[in-house]
Amino acid sequence: MDLHLNRADYLQVGVTSQKTMKLLPAGKPGAAQKVVIGDHDGVVLCFGMKKGEVVTVFRTLPGQKIARLELGGVLNMPQEKIFIAAGSEIRGFTKRGKQFFFFETNLTESIKAMHISGSDLFLSASYIYNHYCDCKDQHYYLSGDKINDVICLPVERVSRITPILACQDRLLRVLQGSEMMYEIEVPGPPTVLALHNGNGGDSGEDLVFGTSDGRLGLIQITPSEPIHKWEIQNEKKRGGILCTDSFDIMGDGVKDLLVGRDDGMVEVYCFDNANEPVLCFDQALSESVTSVQGGRVGKDDYDEVVVSTYSGWVTGLTTEPGHREAGAGGELRLSQEMQNKISSLRSELERLQCKVMQEREKCQQSSQSSKAKSIVPSFSINDKFTLNKDDASYSLVLEVQTAIDNVLIQSDVPIDLLDVDKNSAVVSFSSCDPESSDNFLLATYRCQANTTRLELKIRSIEGQYGTLQAYVTPRIQPKTCQVCQYLIKPLSLHQRTHCIDHDRPMNMLTLTGQFSFAEVHSWVVFCLPEVPEKPPVGECVTFYFQNTFLDTQLESTYRKGEGVFKSDNISTISILKDVLSKEATKKKINLNISYEINEVSVRHTLELIHPKLECQLLLTKKVQLIDALKELQVHEGNTDFLIPEYRCILEEADHLQEEYKKQPARLERLYGMITDLFIDKFKFKGTNVKTKVPLLLEILDSYDQNALIAFFDAA
């Protein structure tokens, strides 16, 4: 069954956070519902639609930024009380807008996530989770990494309080009281949790999770262990998931799964006979979707998917037919309601244009005055800098509440900018002199009109670390710019994982000295991505990492006075040794460094590089042949005389060139990794082999795996 939804924009509020828009329950079955939304200005707005016009029910005064908005009430009754989390406070409003509840929590950090169930309140700040019942503190838990969302299984169905935390370290932590019952590994950092079908599914224990790398899954949370039911991979490389809801938009009696992503994609998944999700509708909006709800807003009897976006737009994707077609020779008559709406919009547009003209004149006059004061207009930027496991590149997403004019990218370390299909901005590069200015990259992206979201892809080189800066200039007057900074870490292509292969040949680096647990943790944070800034609880900690480019691995275990690092790649150990020595020297800490090198690991790393290098060499060779083969084709008139291999290259020419364009400097990158491996192998033996590098490059140009391994052994 196909689903056709038509877009209707209702109104715009201020910038919104994740999960800050809800639909209030309808007064009677089939009736239109009211929308309640909170924004960064601290305003809670409740509105409904009447004859195509927005009717405000209530609007609160501005205050602290609203981080979450939830509905609550007596269990098994309509949930029509509105609760907001702002700073460390919780406020409650009736559906008419009267404040009936205020609770100042004892949290020192701002509230990031909230869940309400009857008189139970579940809150989380960055690392701290608290459970309150009737405003009395019940339970507390300190998480090992940042908490992105919190939820509790429905107590009216499972007769036990089971809170679940979605944590940045790719874990769902299932709690009982203040203790953790068990952890569940998920494929990416979980960003959102929701009860399946809104009530936990058939068992009351079914939980939907969404991750920052765009995957969805369903897990049953039983008292003893989790049961994984299904998982949807992000094959279309869409954005991370920010919000979900369950609602029967198809009208078949089965609730569908509504999903909002941070690249503006809204998706509807319906369920087949085997209860597996199937994508049946998607639509792209121009900015990230912060909340999604299913219900009826625009008109009675017409179901719709209501979404709120980052810049504050509330939009409906409705089942109401959007246009009527006139028959042959007939004329299309607009309803009186539509005519009134068009005339009111025209008059409002004229009024706004007059107001803009007046304000412009005022601004012009005041700017010429000798007493005038210049005020820099402020604007908020929603940014995300994440490592993609699939292609070992960093994705930088910049989203502004107003249109972006240009973005200047500056880096003091060598990085490659990769092509992004969604990016329509025009890029220009400026020449850099790294020796005199510390600039390895200066690139300007000029955005097209009304672009509020820009996505870039960056690939770094391990061992070279520094800062990437983005100077964002929006289309506002007077001209202003904000700078966003992102750290490129020494082992930037490593990603956290929960288990590694202990049978691989490992090299070991051991550090001992007069350093504290917090100091050695800060060094690991400096070297590796995805490590929590706060030192973990306990005296000793172990983290596992995987290199997203080469699939090599790293195990780091450290405590006060000792750090042990194991990897199957000598270059990883070499980078750690250099960087950790440097950091300890800065703090004037004397380090004792010892290492054990496993010769077998070099061959093992070369075997991991081999398929990637072979594939890239073959692609480069094919791309170099394309122009010559095309010339032959034009000269001869056909390709019948060519061998099948060359005909195949011509047929796939566009695809091959596109693939090659996506991976600039990949071959040089692989050559660089092999060269580093060669130098590092002998560096640990105290031998300088830099003079033999040209010979190594000659072997790589006429690549043969056995010859390369023999060269490594013989040198």
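*Asks:* I would appreciate a short explanation of the overall build of the protein in the present structure.
*Replies:* When helices and strands are counted, the protein shows 11 helices and 43 strands. Relative to the 2.2 N^0.38 estimate, which gives 27 Å for 715 residues, the radius of gyration of the protein is 29 Å and therefore close to what a compact globule would have. Counting only C-alpha atoms, the protein reaches 85 × 75 × 75 Å along its principal axes. The buried share of the protein, reckoned over its 715 residues, is 51%. If you take every contact in the protein between residues at least 6 apart in sequence, the share linking residues at least 24 apart comes to 56%. Total accessible area computed for the protein in this model is approximately 35,000 Å², and 49% of it derives from carbon and sulfur atoms. Taking the 77 positively charged and 97 negatively charged side chains of the protein as two groups, their mean positions are separated by 7 Å.

*Asks:* What's the story with the sheet that holds strand β13 (residues 136-142) in this structure? I'm lost.
*Replies:* Across a sheet, paired strands are connected by hydrogen bonds in the backbone, their directions being either parallel or antiparallel. The strand order across the open sheet formed by 4 strands is β10-β11-β12-β13, and the pairing between neighbours is antiparallel. Every interior strand has two partners, whereas the edge strands, β10 (113-117) and β13, have only one. On average, each strand axis in the sheet is inclined to that of its neighbour by 15°, with strand direction left out of account.

*Asks:* Whenever I open this one, a positive patch on the surface confuses me. Can you help?
*Replies:* Judged by side-chain charge, K34, K50, K51 and R96 come together as a positively charged surface patch. Relative to the helices and strands, K34 resides in the loop between β2 (21-23) and β3 (35-38). With relative accessibility at 36%, the residue K34 sits in the partly exposed group.

*Asks:* How do you make sense of the packing of helix α5 (residues 570-586) against helix α9 (residues 666-683) when you look at a structure like this?
*Replies:* Packed helices, taken two at a time, are described by the angle between their axes plus the distance between the axes. In the contact formed by α5 and α9, the axes pass within 9 Å of each other and the chain directions differ by 65°. Here α9 runs roughly perpendicular to α5, going by the angle between their axes. In the crossing of α5 with α9, the sense of the turn from one axis to the other is left-handed. On α9, the residues that touch I570, S571, S574 and D578 of α5 are D676, L677, D680, K681 and K683. Here the contact of α5 with α9 is built from residues that sort into 2 nonpolar, 2 polar and 5 charged.

*Asks:* Would you mind going over the pattern of salt bridges with me for this structure?
*Replies:* For the coordinates displayed, the defined rule picks out 38 salt bridges. Here D206 and K229 are joined by a salt bridge, their closest N and O atoms 3.4 Å apart. A residue pair is termed long-range when its members are at least 10 positions apart, and D206 in strand β19 (residues 206-211) and K229 in strand β21 (residues 226-232) qualify at 23 residues. With relative accessibility at 38%, the residue K229 sits in the partly exposed group. In this structure, K685 and E599 form a salt bridge, with 3.0 Å as the shortest nitrogen-oxygen distance. Placement of K685 in the loop between α9 and α10 (693-701) and of E599 in the loop between β43 (591-596) and α6 (600-636) is noted, with a sequence separation of 86 residues between them. Here the residues in one salt-bridge network are D145, D169, R173, E183 and R496, joined through shared partners.

*Asks:* Is there a simple way to explain the state of the cysteines in this structure?
*Replies:* What we call a disulfide is simply a covalent bond connecting the sulfur atoms of a pair of cysteines. Applying the stated criterion across every chain, the model contains 0 disulfides. Free cysteine: C243, not disulfide-bonded; nearest cysteine sulfur from C280 at 16 Å. Left unpaired, C481 is separated from the closest cysteine sulfur, that of C484, by 8.8 Å.

*Asks:* What is the right way to look at α5 in this model?
*Replies:* Residues lying three or four places apart along an α-helix face the same way, a consequence of the helix completing one turn every 3.6 residues. With 17 residues, α5 should reach 24 Å at 1.5 Å per residue; the first-to-last C-alpha distance of 25 Å fits that figure. Within the span of α5, buried status applies to I570, S571, T572, I573, S574, I575, L576, V579, L580, E583 and A584. For α5, the side-chain oxygen to backbone nitrogen distance between the N-cap and S571 is 3.0 Å, and the N-cap itself is N569. The positive-phi residue at the C-terminal boundary of α5 is K588, with phi of around 60°.

*Asks:* Can you walk me through the nonpolar core in this structure?
*Replies:* Side chains of a nonpolar character, in soluble globular proteins, are inclined to be buried together. With 81 residues, the main nonpolar core has L398, V407, I409, L613, I674, L708 and F712 as its most contacted residues. For this core, the element with the highest residue contribution is α9, accounting for 8 residues. Setting aside residues up to four positions removed in sequence, F712 forms contacts with V602, L606, I674, L677, F678, K681, F682 and L696. Membership of the second largest hydrophobic core comes to 19 residues, among which are L5, I249, L258 and C270.

*Asks:* How do you make sense of the packing of α6 against helix α11 (residues 705-714) when you look at a structure like this?
*Replies:* Two elements in contact, α6 and α11, have axes separated by 11 Å at closest approach and are oriented at 155°. Between α6 and α11, the interaxial angle falls into the category roughly antiparallel. Where α6 crosses over α11, the handedness of that crossing is right-handed. Facing V602, R603, L606, E607 and H610 of α6, the residues of α11 in contact are Q705, L708, I709, F712 and D713. Here the contact of α6 with α11 is composed, by residue class, of 5 nonpolar, 2 polar and 3 charged.

*Asks:* Any chance you could explain the side chain of S126 here in plain terms?
*Replies:* With respect to the secondary-structure elements, S126 resides in the loop between β11 (120-124) and β12 (128-133). Classification of S126 by relative accessible area gives buried; the value is 13%. The residues contacting S126, other than those within four sequence positions of it, are E109, K112, D145, K146 and I147.

*Asks:* Help me understand the sheet that holds strand β42 (residues 562-567) in this model?
*Replies:* Read across the open sheet, the 6 strands follow the order β38-β40-β41-β42-β39-β43; overall the sheet is antiparallel. Only two strands of the sheet have a single partner each, and these edge strands are β38 (494-497) and β43. Each adjacent strand pair in this sheet contributes to an overall mean axis angle of 20°, direction not counted. Two strands pair when backbone bridges link them, and strand β40 (residues 540-547) and strand β41 (residues 553-559) are joined in this way by 7 bridges, in the antiparallel orientation. From the neighbouring strand, F545 faces β41, where its bridge partner is L554.

*Asks:* How do you make sense of a nonpolar patch on the surface when you look at a structure like this?
*Replies:* A cluster of nonpolar side chains, namely Y140, L142 and V537, defines an oily patch on the protein surface of about 290 Å² accessible area. Its place among the elements puts V537 in the loop between α4 (517-527) and β40. Under the relative-accessibility criterion, V537 is labelled exposed at 66%.

*Asks:* Help me understand the environment of V266 in this model?
*Replies:* Checked against the element boundaries, V266 lands in strand β24 (residues 265-271). Residue V266 is classed as buried on the basis of its relative accessible area, which comes to 1%. Expressed as a C-alpha distance, the spacing of V266 and L317, which sit 51 residues apart in the sequence, is 9.5 Å. Once you skip the residues sitting within four places of it in the chain, V266 turns out to touch V259, F281, D282, Q283, L285, V289, V305, V307 and L317.

*Asks:* Honestly, the side chain of D303 in this entry has me stumped. Any pointers?
*Replies:* Its place among the elements puts D303 in the loop between β26 (289-295) and β27 (304-309). According to the relative accessible area criterion, D303 is buried, its value standing at 15%. Within polar-contact distance, the side chain of D303 engages the side chain of R296 at 2.5 Å.

*Asks:* Before we go on, may I ask you to explain the packing of aromatic side chains in this structure?
*Replies:* One pair of aromatic rings is described through two measures. These are the centre distance and the angle between the planes. Taken as a whole and judged by the stated rule, the model has 17 aromatic pairs. Between F385 and Y394 the ring centres are 4.7 Å apart and the planes differ by 15°, which places this aromatic pair in the stacked class. A relative accessible area of 6% means that Y394 is categorised as buried. Judged by centre distance (5.4 Å) and plane angle (70°), the ring pair of F678 and F682 falls under edge-to-face. Remark: F682 and F678 occur in helix α9; sequence separation between them is 4 residues, near one turn of the helix. When sorted by exposure, F678 lands in the same class as F682, which is buried. Through pairs of rings, three or more aromatic residues link up here, namely F517, F543, F545 and Y558. In this structure, K81 is placed above the aromatic ring of F100, and the distance from its NZ or CZ to the ring centre is 5.8 Å.

Rules used throughout
Residues numbered from 1 in each chain as written. Predicted model: local features only at pLDDT ≥ 70, side-chain atom pairs only at ≥ 80, totals over all residues. Heavy atoms only, no water. Helix = DSSP H or I, 4+ residues; strand = E, 2+ residues; numbered from the N terminus. Rg over C-alpha atoms; globule rule 2.2 N^0.38 Å. Buried < 20%, exposed > 50% of the residue type's maximum accessible area, 1.4 Å probe, protein only. Contact = heavy atoms within 4.5 Å. Areas by Shrake-Rupley, 256 points an atom, 1.4 Å probe, with all protein chains shown as cover. Lys, Arg positive; Asp, Glu negative; His and termini not counted. Charge placed at Lys NZ, Arg CZ, Asp CG, Glu CD. Pairing = 2+ DSSP bridges. Axes fitted to C-alpha atoms, helices over the stretch in contact; angles between N-to-C directions. Patch = residues over 30% accessible without salt bridge, like charges linked within 9 Å, V, L, I, M, F, W, Y side chains within 5 Å. Salt bridge = Lys/Arg side-chain N within 4 Å of Asp/Glu carboxyl O. Parallel < 35°, antiparallel > 145°, perpendicular 65-115°, else oblique. Left-handed = near helix turned anticlockwise from the far one by under 90°. Nonpolar A, V, L, I, M, F, W, Y, C, P; charged D, E, K, R; others polar. Disulfide = S-S within 2.5 Å. Expected span 1.5 Å × (residues − 1). Polar contact = N/O pair within 3.5 Å; in protein donor to acceptor, adjacent residues only side chain to side chain. Core = buried A, V, L, I, M, F, W, Y, C linked by side-chain atoms within 4.5 Å. Phe/Tyr/Trp six-rings, centres within 6.5 Å; stacked < 30°, edge-to-face > 60°. Lys NZ or Arg CZ within 6 Å of the ring centre and 35° of its normal.

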